[in-house]
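Each chain, letter by letter, is given below.
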Amino acid sequence: MILFIALPIISAFVQSLFIQHEQVLIVSQNCGPFGCSEVTSIDFEKTIKLRQDAPLGKYNGINTYLNRSHLAFAEVGNAWSASETLVDFFNEVFNLPLYGALAFTLTYTAVVTPLVLILGFSIAIGVNGLPNIMKGPSIFVSLLPFLVTPLVGSLILFWMVDGDGIIGATIKLIFNDPDLSLKASTALTWTMLIVYGIWHTLPFSFIVFYAGLQTVPFETLEAALIDGATKWQRTIYVVIPHLVPLISFVTLMLLMDNFRVFEPIVSFSAEAHARSLSWIIYNDLRESGNPLYGSAGATSILTIIGIAFLLLPVLIRTWKDFKLKGH
Amino acid sequence: MQTQAKTSISFVKGLSFCLVCLWLLIAAFPFAWSFWGSFKVQSDFFSKADWMYALWGTNTIKETGSAFTSSGYYGAWIIKGFWKNFTNTGIVVFFTVLISLTIGTLGGYALARSGFRYAFWILMAALIFRAMPHITLVSGYLLPFFEWNIWGYLPTTIIVLVAMNQPFTLWMLHSFFLNVPKDLDESAMIDGCNRFQAFRYVVVPVMWPGVITAGLFSFLLAYNDFTVTVMLLSEDNETIIPAINSFLGTTQVEGKIMYAVAAVVSVTAPILVLVLFFQRQIVSGLTAGAVKG
């Protein structure tokens, strides 16, 4: 198990230190009746041999991390000195691939997570209040968006928001703008992806909260009722404190899942407007014929570091809990 | 005062009821719509004139003579060879579930009975795998696999999927076996069974609920996976999800997007059936982590 986690990370790290070979060039003189010209051509045999001998490529140290498609310190510095206002600066920076992807990934995570928490909780309370006979079917329906393959689920939505699809056509009608396309503008693409994200992850928080609601002690609720608490007050002061551990668990899971958002971007073909960190790696590896292992490796390592930062507080707390339980 | 409190309660109730209804509509409608639409022709499902065409199938009747057509399914399954991808998925899913459950039950039982507190470390491993974008792991696997010439084959993918899935399965079954009373196998051993017999005759009959839940989640992981399969499988060995992805490119150009719609609906159907039959297990699996902490 450790083998399967640790090895790929090490492998990605090693790959990130190398850069693919340049093609071997031959310069030959081509002499014709009107004088000689120098012709540069690619020596395919030598290139292939070089690639076979050292598949990793040339050693490049941490330069890959610093180049334009990753941390890009030089470009950020330039942007800082060249741009007049902060807005200019950020525009400049978010045009760099890594920062652009980071911006989308973080926005997506930051918007989807709280919304899913709140909506999931409200729906859980709503379903809890339904008559028993309706609970089963509503849970069944609710589970679908979560369990269906992300790629497939987002495709279904994508076809609906297509210019000729039902939602897309309706939106056109409402705004009376036949050229309106959800895919054309950055803001609308982001909104679309975020809406999809909420649709897809809402069931998870709903189910967990719903299960949690079943464990709320009845006596406490009754006591609060006798003390004259309204339904609203009972929810705020009795139910929510009881669910705090669940809330932190769901938040953790949502953060992890949202941070690696990937499939919707592929199936919405939204890469022109929104790229996530995962998508960048995918794109590097998909580079036809000549995958950029070095670049993908570097982004992978940076992503892992990002996740470590995100999860560190939670991990420390779990460790402390574990030690408390152990003694 | 009394009446006021009553109306406000019923107002809140009504509001939350509306919210639930709205959510159920949002959750179910896309599936119903795509299912209905998959039996139409493209000019209905992506109607330029009027979205109601998709409901009544105006153009479908014009083109095929009936309001329903299975040409999308015929195109996807027969012409585009989707059945081959489906077989591949079947193989991958079957072996992933089988291997992870075998390791999971044996390992989970051993860990649960050994007394040492492994739980934390397994949980951590499961958490790390859950947290890491699978693509970062795949980017690490890819180059070695090319070098060893094992890229593109189904067994390689199965091994990777099992590896990604194992910590979670192990943790789930480990906590399940912790709940199986120790007295059960101890009394069997006093009656003269050895450790293995105790496992075979006493623990195995009671372990199915846990195994089914763990199996369901392995199934979903393997079935739904896109990242690993799209990277590690060659075109001949593609499973359904990457196949749909490559469909998109070709069918859009050919104007046969209904093939892709039909394929998508076919992929969703097994999951629907699964949820229908195993809803209880899925819910208990989803909440197991949360409630036990």
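What this report covers is the structure whose coordinates are included nearby. (Residues numbered from 1 in each chain as written. Chains lettered and ligands numbered in written order. Predicted model: local features only at pLDDT ≥ 70, side-chain atom pairs only at ≥ 80, totals over all residues. Heavy atoms only, no water.)

A count of helical and extended segments in chain A gives 15 helices and four strands. When burial is assessed residue by residue, chain A has 46% of its 327 residues classed as buried. Partitioning the contacts of chain A with sequence separation of at least 6, the portion at a separation of at least 24 is 68%. Roughly 16,700 Å² of accessible area belongs to chain A as shown, and the carbon and sulfur atoms make up 66% of that amount. (Helix = DSSP H or I, 4+ residues; strand = E, 2+ residues; numbered from the N terminus. Buried < 20%, exposed > 50% of the residue type's maximum accessible area, 1.4 Å probe, protein only. Contact = heavy atoms within 4.5 Å. Areas by Shrake-Rupley, 256 points an atom, 1.4 Å probe, with all protein chains shown as cover.)

On to the overall build of chain B. For chain B, the helix and strand inventory stands at 15 helices and zero strands. Burial status across chain B gives 53% buried among its 293 residues. Within chain B, residue pairs in contact and separated by at least 24 positions form 74% of the contacts whose partners lie at least 6 positions apart. Roughly 13,800 Å² of accessible area belongs to chain B as shown, and the carbon and sulfur atoms make up 70% of that amount.

Our focus in this paragraph is the pattern of salt bridges. As enumerated under the stated definition, the model contains one salt bridge over all chains in all. Arg260(A) is paired through a salt bridge with Asp257(A); the nearest N and O atoms lie 3.6 Å apart. (Salt bridge = Lys/Arg side-chain N within 4 Å of Asp/Glu carboxyl O.)

The accessible area lost on association of the parts is a frequent measure of interface size. Opposite the 76 residues of chain A that make contact, chain B presents 77 residues. Regarding the contact of chain A and chain B, the summed buried area is about 7,400 Å², with carbon and sulfur atoms giving 80% of it. Our count for the contact surface shared by chain A and chain B stands at five residue pairs in polar contact (both at pLDDT 80 or more). Looking at the side of chain A that touches chain B, its residues break down into 55 nonpolar, 13 polar and eight charged. (Buried area = accessible area lost by both parts, 1.4 Å probe. Polar contact = N/O pair within 3.5 Å; in protein donor to acceptor, adjacent residues only side chain to side chain. Nonpolar A, V, L, I, M, F, W, Y, C, P; charged D, E, K, R; others polar.)

Geometrically, a pair of aromatic rings is defined through the distance of the ring centres and the angle of the planes. Tallying each qualifying case throughout the model produces 18 aromatic pairs over all chains. Between the aromatic rings of Phe146(A) and Phe204(A), the centroid separation amounts to 5.6 Å while the plane-to-plane angle is 25°, which identifies the pairing as stacked. Of this pair, Phe146(A) sits in helix H7 (residues 132–147) while Phe204(A) sits in helix H10 (residues 186–214), and the two are 58 residues apart along the sequence. Put simply, the rings of Tyr109(B), Phe176(B), Phe177(B) and Phe199(B) pair up and form one aromatic cluster. (Phe/Tyr/Trp six-rings, centres within 6.5 Å; stacked < 30°, edge-to-face > 60°.)

Moving on to the nonpolar core. Within the largest apolar cluster, 153 residues are counted, with the highest numbers of intra-cluster contacts made by Leu143(A), Trp159(A), Phe204(A), Tyr282(A) and Phe177(B). For this core, the leading source of residues is helix H15 (residues 257–292) of chain B, giving 16 residues. Judged by nonpolar contacts, the second largest core, of five residues, contains Leu111(B), Leu123(B), Leu170(B) and Trp171(B). (Core = buried A, V, L, I, M, F, W, Y, C linked by side-chain atoms within 4.5 Å.)

Glancing now at the packing of H10(A) against helix H12 (residues 231–259) of chain A. All names here are of chain A. For the pair H10 and H12, interaxial distance at closest approach is 10 Å and the crossing angle is 155°. In terms of their interaxial angle, H10 and H12 are classed as roughly antiparallel. By crossing handedness, the relation of H10 to H12 is classed as right-handed. Counting all contacts with H10, which are made through Thr201, Phe204, Ser205, Val208, Phe209, Gly212 and Leu213, the residues of H12 involved are Val239, His242, Leu243, Leu246, Ile247, Phe249, Val250, Met253, Leu254 and Asn258. Class assignment for the residues of the contact of H10 with H12 results in 12 nonpolar, five polar and no charged. (Axes fitted to C-alpha atoms, helices over the stretch in contact; angles between N-to-C directions. Parallel < 35°, antiparallel > 145°, perpendicular 65-115°, else oblique. Left-handed = near helix turned anticlockwise from the far one by under 90°.)

This next bit is on the side chain of Thr239(B). All names here are of chain B. Position of Thr239 relative to the elements: it lies in the loop between helix H13 (227–232) and helix H14 (240–254). With relative accessibility at 4%, the residue Thr239 sits in the buried group. Ignoring anything within four residues of it in the chain, the contact list for Thr239 reads Asn85, Asn88, Thr89, Val92, Thr229 and Leu233.

Below, the discussion takes up the environment of Ala243(B). All names here are of chain B. Relative to the helices and strands, Ala243 resides in helix H14. Note on Ala243: relative accessible area 2%, which makes it buried. In this structure, the C-alpha to C-alpha distance between Ala243 and Asn85, residues 158 residues apart in sequence, is 6.9 Å. In this structure, Ala243 is in contact with Phe82, Asn85 and Glu238, ignoring residues within four places of it in sequence.

With that settled, consider a nonpolar patch on the surface. Residues and elements named next belong to chain B. On the surface, Ile91, Phe94, Phe95, Leu98, Ile99 and Ile103 cluster together to form a nonpolar patch covering roughly 510 Å² of accessible area. Residue position: Ile99 is located in helix H6 (residues 82–114). In this structure Ile99 comes out as partly exposed when scored by relative accessible area, which is 33%. (Patch = residues over 30% accessible without salt bridge, like charges linked within 9 Å, V, L, I, M, F, W, Y side chains within 5 Å.)

Residues and elements named next belong to chain A. Relative to each other, H7 and H10 sit at 140°, their axes nearing to 6 Å. Between H7 and H10, the interaxial angle falls into the category oblique. The two elements H7 and H10 cross, and the hand of that crossing is left-handed. Between H7, through Lys135, Ile139, Ser142, Leu143, Pro145 and Phe146, and H10, the contact on the second element is made entirely by Trp199, His200, Pro203, Phe204, Phe206, Ile207 and Tyr210. For the contact of H7 with H10, a count of residues per class yields 10 nonpolar, two polar and one charged.

All right, on to the environment of Ala211(A) then. All names here are of chain A. As for its placement among the helices and strands, Ala211 is situated in helix H10. Accessibility expressed as a relative area gives 16% for Ala211, which makes it buried. In this structure the C-alpha to C-alpha distance between Ala211 and Asn128, which are 83 residues apart in sequence, comes to 9.6 Å.

Considering all chains together, one arrives at zero disulfides over all chains under this definition. There is no disulfide at Cys21(B), and the cysteine sulfur nearest it, in Cys18(B), is 6.4 Å away. (Disulfide = S-S within 2.5 Å.)

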